[in-house]
Protein chains: 2
Amino acid sequence: MTKTKAPEARALPLNQILDGDCIEVMNSLPAGSVDLIFADPPYNLQLRGDLHRPDNSKVDAVDDHWDQFSGFAAYDKFTRDWLTAARRLLKPDGAIWVIGSYHNVFRMGAELQNQGFWILNDVVWRKSNPMPNFRGKRLTNAHETLIWASRAEGSKYTFNYEALKSLNEGVQMRSDWVLPICTGHERLKDANGDKAHPTQKPESLLHRVLVATTNPGDVVLDPFFGTGTSGAVAKMLGRDFIGIEREASYRAVAEKRISRVRRFDKSALEVSTSKRAEPRVPFGQLVERGMLRPGEELWSMNGRHRVKVRADGTLVGSDTHGNIKGSIHQVGAHLEGAPSCNGWTYWHFKREGRTIPIDVLRQQIRAEMADRPH
Amino acid sequence: MTKTKAPEARALPLNQILDGDCIEVMNSLPAGSVDLIFADPPYNLQLRGDLHRPDNSKVDAVDDHWDQFSGFAAYDKFTRDWLTAARRLLKPDGAIWVIGSYHNVFRMGAELQNQGFWILNDVVWRKSNPMPNFRGKRLTNAHETLIWASRAEGSKYTFNYEALKSLNEGVQMRSDWVLPICTGHERLKDANGDKAHPTQKPESLLHRVLVATTNPGDVVLDPFFGTGTSGAVAKMLGRDFIGIEREASYRAVAEKRISRVRRFDKSALEVSTSKRAEPRVPFGQLVERGMLRPGEELWSMNGRHRVKVRADGTLVGSDTHGNIKGSIHQVGAHLEGAPSCNGWTYWHFKREGRTIPIDVLRQQIRAEMADRPH
DNA sequence: TCAGCATTTGAATCTGCTT
DNA sequence: AAAGCAGATTCAAATGCTG
């Protein structure tokens with residue numbers, strides 16, 4: 001793996017594991033070049049244990065208000081710094097996922113907001129097989145929290161709504177995900193047979209994250225790569241990855257792991273798409289093509305309203321005050337007294353006694369376009 | 001109960017709803033006198049325009065004046081101030097619960113830590129019937145987050161481990177709680193029949209909080225009392241409450257509500273536990289978990305049809321007319337020319353030459369879930 | 001009284017392209 | 001940059017109406 005660290009930004013080192021401190025390495029990469037960042041940062045840096053004030057005096061009473069804050073201050077600076085570097089790397093429409101527990105996730109979430117990231121969802125990974133609370137002094141800690149945020153308010157982030165709906169048996173994916181922790185063959189072991197990394201995440205979690213918020217060919221960067229779960233799943237799913245990891249032992253494990261991963265077939269990577277992604281068809285085209293004739297009548301979904309098609313693809317009908325004219329959407333909305341209306345599903349034409357939504361004509365045109373693209 | 005030490009401090013006004021700004025009122029009460037604080041502060045939702053459901057009905061947004069803040073700085077100051085006043089009121093071994101969404105909970109959690117509160121658990125309220133995401137642009141916001149924290153590290157907080165275990169069919173209570181939102185008869189209405197408060201919490205949530213972390217006779221203070229769910233449940237459970245609410249209309253509703261509450265008989269305390277149905281397992285989860293790989297082939301029961309699995313848990317295959325895509329049930333039904341099809345028993349995968357129904361994999365997942373119910 | 005069907009509703013940072 | 005407009009988008013429960 002290359003370690004050419006120019007003072008200037010360099011080209012993107014795709015599908016590699018970079019050695020070094022994640023902040024320095026991120027700052028060496030070109031700004032605005034990454035589609036998605038997935039980050040699973042350490043969360044126990046100085047929250048407990050040897051707390052020192054900025055002047056290096058030792059903390060004595062743990063109960064002390066300011067002592068606690070000094071521990072958090074160091075963690076907050078770390079969070080601020082790596083998030084700043086990460087945000088610089090993101091494309092304007094890029095997004096980030098972070099994962100943490102109650103020890104650190106509140107501080108990460110607040111800093112995300114402070115930096116101008118725009119939170120899209122917080123997601124609860126609900127562990128189906130968590131470690132029990134042995135002492136019976138608290139609730140079983142059975143979840144971790146992820147935060148999904150776009151680079152800024154107004155970013156056109158990627159969200160494969162229909163694909164996630166498919167993953168959830170046809171109903172909207174919720175913000176709570178039930179997935180098992182990483183165990184068994186998936187859990188990587190070192191030479192001694194001990195677990196290679198203490199907090200290895202399950203591939204199922206990354207699968208859902210990447211299917212939801214990236215497309216094939218996207219660049220996914222992970223600044224705390226560890227044993228490379230994000231890279232392994234990215235490779236499977238036909239995404240490019242960039243990993244950053246400063247521990248040589250983790251890099252070695254990840255390298256070997258990812259080399260064994262095989263990319264899925266291209267056809268398997270296509271996911272269900274929504275209507276929004278399909279090409280727009282002007283209603284007038286139905287008239288131009290003779291699928292509907294000028295003067296032909298359309299009926300509303302509920303059968304209460306009747307309008308006529310005009311040669312320019314507008315409709316004309318009447319309400320109690322007189323004639324109304326306009327697009328299929330405008331006339332539908334007006335007649336229903338609704339703020340808006342999808343004319344494609346609202347209006348129906350008649351053929352041989354049957355009432356058919358005009359949307360089927362649009363689907364015919366789209367099918368032709370798919371056969372013979374432009 | 002300690003008597004007043006500051007000139008302005010007064011004796012504890014138990015089982016009353018106090019009028020005024022919660023910070024001022026809390027500062028007028030004696031320090032170190034409260035066992036538990038439950039706080040449901042404004043979330044700072046930052047809503048933009050109107051939102052309509054797909055049927056064009058308008059969503060009744062939380063746009064009340066009390067949820068408006070000029071920015072994060074103003075919200076943070078507000079949070080800092082009320083938490084400071086709250087912490088002063090707590091007994092040394094007292095604890096606090098706060099509830100919020102991703103809009104505010106990260107900032108609250110960070111400030112709790114900054115002030116020296118000691119987080120014991122973050123708890124996810126998983127709503128069984130959340131409002132969907134109508135535009136299909138994000139995940140369904142199906143949960144809210146509670147934080148449970150003791151006044152300080154080392155506080156000997158109250159936790160009724162066995163009581164919660166009983167509430168959970170004999171196994172440890174987890175950090176994720178599945179409870180319905182507040183609807184139906186429980187939802188309080190005003191004179192016009194509109195909801196009396198836009199964010200009334202379900203009594204089941206408070207029931208669990210108070211059973212878990214208070215004992216009969218404890219003093220529970222709620223600085224954002226609203227319609228008084230915490231007070232009503234405290235009364236039922238034989239705890240004392242102190243409510244603070246500055247809106248006269250909410251106070252009036254709460255007063256009337258609590259006056260009608262009767263303290264439970266001990267025998268009436270237990271809620272009936274309903275037997276859960278077999279949990280639904282989305283087919284996509286088999287793919288996410290790596291039990292089936294994207295691109296892998298499935299065979300129909302009769303061996304006549306072959307399809308490929310895609311990354312989003314849909315299948316793609318072909319009939320005489322071209323490609324067909326859809327869920328395991330849809331594709332099976334289509335290929336058989338049947339009105340419906342149980343894809344779980346219809347489709348089979350191959351392992352080491354053997355043909356195995358995919359339902360076997362679903363049973364594996366259900367077995368895992370059965371080990372750790374809820 | 002009841003079953004069945006239609007309607008209502010819930011803490012929501014909920015569009016995107018063209019002009 | 002702001003306005004205009006096409007057009008895509010919902011799940012679980014409880015209530016209420018009809019027969």
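Scroll up for the structure.
Every value quoted in this text rests on a predicted model; they were computed, and no experiment measured them.

### A word on the sheet that holds strand β6 (residues 176-179) of chain A
Residue and element names in this part refer to chain A. Strands sit in the order β1-β8-β7-β2-β3-β5-β4-β6 across an open sheet of 8 strands; the sheet is mixed. Only two strands of the sheet have a single neighbouring strand rather than two, namely β1 (16-19) and β6. With strand direction ignored, the average angle separating the axes of adjacent strands in the sheet is 20 degrees. Where strand β2 (residues 34-39) and strand β7 (residues 219-222) come together, 2 bridges link them in parallel fashion. Within β7, the position partnered with Leu36 by the bridge is Val220.

### Here's the deal with the pairing of strand β2 (residues 34-39) of chain B
Residues and elements named next belong to chain B. Of all the 6 residues making up β2, 6 are buried; the element is thus mostly covered by neighbouring parts of the structure. Note: β2 against strand β3 (residues 90-100), 5 bridges, orientation parallel. By the bridge assignment for β3, Ile37 is matched with Ile96. The parallel pair β2 and β3, bridged by helix α2 (residues 72-89), forms a crossover whose chirality is right-handed.

### Digging into the interface of chain A and chain B
Every contact between the two is made by 79 residues of chain A and, on the other side, 78 residues of chain B. Between chain A and chain B the total buried area reaches about 7000 Å² when both faces are included, carbon and sulfur atoms providing 49% of it. Taken together, the links from chain A to chain B amount to 6 salt bridges. For Lys308 of chain B, the salt bridge is made with Asp265 of chain A, and the minimal N-O distance between the two is 3.0 Å. Where chain A packs against chain B, one counts 42 residue pairs in polar contact (both at pLDDT 80 or more). If you list the elements that add at least two residues to the side of chain A that touches chain B, you get α2 (65-89), α3 (105-114), β4 (118-127), β5 (143-150), α4 (161-167), β6, α5 (203-213) and α8 (266-269) of chain A. Considering every element that reaches the side of chain A that touches chain B, the biggest residue donor is β4 of chain A, with 9 residues. Split into classes, the residues belonging to the side of chain A that touches chain B amount to 38 nonpolar, 24 polar and 17 charged.

### Comments concerning the packing of helix α5 (residues 203-213) of chain B against helix α6 (residues 229-236) of chain B
Residue and element names in this part refer to chain B. Between α5 and α6, the shortest axis-to-axis distance is 9 Å and the interhelical angle comes to 55 degrees. The angle between the axes of α5 and α6 places the two elements in the oblique class. Every pair of crossing elements has a handedness; the one defined by α5 and α6 is right-handed. Residues Glu203, Leu206, His207 and Leu210 of α5 form the contact with α6, whose own contacting residues are Thr229, Ser230, Ala232, Val233, Ala234 and Met236. Of the residues assigned to the contact of α5 with α6, the class counts are 6 nonpolar, 3 polar and 1 charged.

### As for the protein's contact with DNA strand C
All names here are of chain B. The immediate surroundings of DNA strand C are formed by 37 residues, with Gln46, Arg53, Tyr102, Met131 and Arg135 found nearest. Close to the protein, within 4 Å, the atoms of DNA strand C belong to sugar or phosphate groups at a rate of 46%. Contact distances for DNA strand C include 3.1 Å between a base nitrogen and a backbone N or O atom of Tyr43. In the model, a base oxygen of DNA strand C is placed 2.4 Å from a nitrogen or oxygen of the Arg135 main chain. By residue class, the composition of the surface near DNA strand C is 19 nonpolar, 7 polar and 11 charged.

### Considering the pattern of salt bridges
All names here are of chain B. Throughout the structure, instances matching the rule amount to 35 salt bridges over all chains. In this structure, Asp76 and Arg107 form a salt bridge, with 2.8 Å as the shortest nitrogen-oxygen distance. Placement of Asp76 in helix α2 and of Arg107 in helix α3 (residues 105-114) is noted, with a sequence separation of 31 residues between them. A residue is classified by how much of its surface remains accessible, and Arg107, at 6% relative accessible area, is buried. The closest approach of N and O atoms between Glu296 and Arg351, which form a salt bridge, is 2.7 Å. Here the residue Glu296 occupies a position in the loop between α8 (284-288) and β9 (297-300), and Arg351 occupies one in strand β13 (residues 347-351), the gap between them amounting to 55 residues. Looking at Glu296, the relative accessible area reads 15%, which means it is buried. For Arg351, a relative accessible area of 31% puts it in the partly exposed group.

### Focus: the side chain of Gln115 of chain B
All names here are of chain B. Mapped onto the elements of the fold, Gln115 is located in the loop between α3 and β4 (118-127). When its relative accessible area of 5% is taken as the criterion, Gln115 is described as buried. In this structure the side chain of Gln115 is engaged in a polar contact, spanning 2.9 Å, whose partner is the side chain of Glu111.

### Overview of the sheet that holds strand β14 (residues 354-357) of chain B
Residues and elements named next belong to chain B. The strand order β12-β11-β10-β9-β13-β14 describes an open sheet built from 6 strands, whose pairing is antiparallel. One side of each edge strand has no neighbouring strand; the edge strands of this open sheet are β12 (322-326) and β14. The average angle at which neighbouring strand axes cross in this sheet is 35 degrees, direction not considered. Two elements, strand β10 (residues 306-309) and strand β11 (residues 315-319), share 2 bridges in a ladder whose sense is antiparallel. Bridged to Val309 within β11 is Leu315. The strands that helix α9 (residues 328-336) touches are β10, β11, β12 and β13; relative to β12, the one it contacts most, it runs at about 140 degrees.

### Describing the protein's contact with DNA strand D
Residues in contact with DNA strand D amount to 29 residues; listed here are only the nearest, Tyr161, Lys165, Gln172, His329 and Arg362 of chain A. Across the atoms of DNA strand D situated within 4 Å of the protein, the share located in sugar and phosphate is 62%. In this structure, Asn342 of chain A approaches DNA strand D through a side-chain N or O atom, which is 3.2 Å from a phosphate oxygen. Contacts to DNA strand D include Arg135 of chain B, whose side-chain N or O atom sits 3.2 Å from a base nitrogen. The set of elements that each furnish at least two residues to the surface near DNA strand D consists of α4 and α10 (328-336) of chain A. Among the elements that take part in the surface near DNA strand D, α4 of chain A stands out by supplying 3 residues, more than any other. Looking at the surface near DNA strand D residue by residue, the class counts come to 8 nonpolar, 13 polar and 8 charged.

Calculation criteria
Residues numbered from 1 in each chain as written. Chains lettered and ligands numbered in written order. Predicted model: local features only at pLDDT ≥ 70, side-chain atom pairs only at ≥ 80, totals over all residues. Heavy atoms only, no water. Pairing = 2+ DSSP bridges. Helix = DSSP H or I, 4+ residues; strand = E, 2+ residues; numbered from the N terminus. Axes fitted to C-alpha atoms, helices over the stretch in contact; angles between N-to-C directions. Buried < 20%, exposed > 50% of the residue type's maximum accessible area, 1.4 Å probe, protein only. Right-handed = clockwise from strand over helix to strand, strands pointing away. Contact = heavy atoms within 4.5 Å. Buried area = accessible area lost by both parts, 1.4 Å probe. Salt bridge = Lys/Arg side-chain N within 4 Å of Asp/Glu carboxyl O. Polar contact = N/O pair within 3.5 Å; in protein donor to acceptor, adjacent residues only side chain to side chain. Nonpolar A, V, L, I, M, F, W, Y, C, P; charged D, E, K, R; others polar. Parallel < 35°, antiparallel > 145°, perpendicular 65-115°, else oblique. Left-handed = near helix turned anticlockwise from the far one by under 90°. Near = heavy atom within 4 Å.

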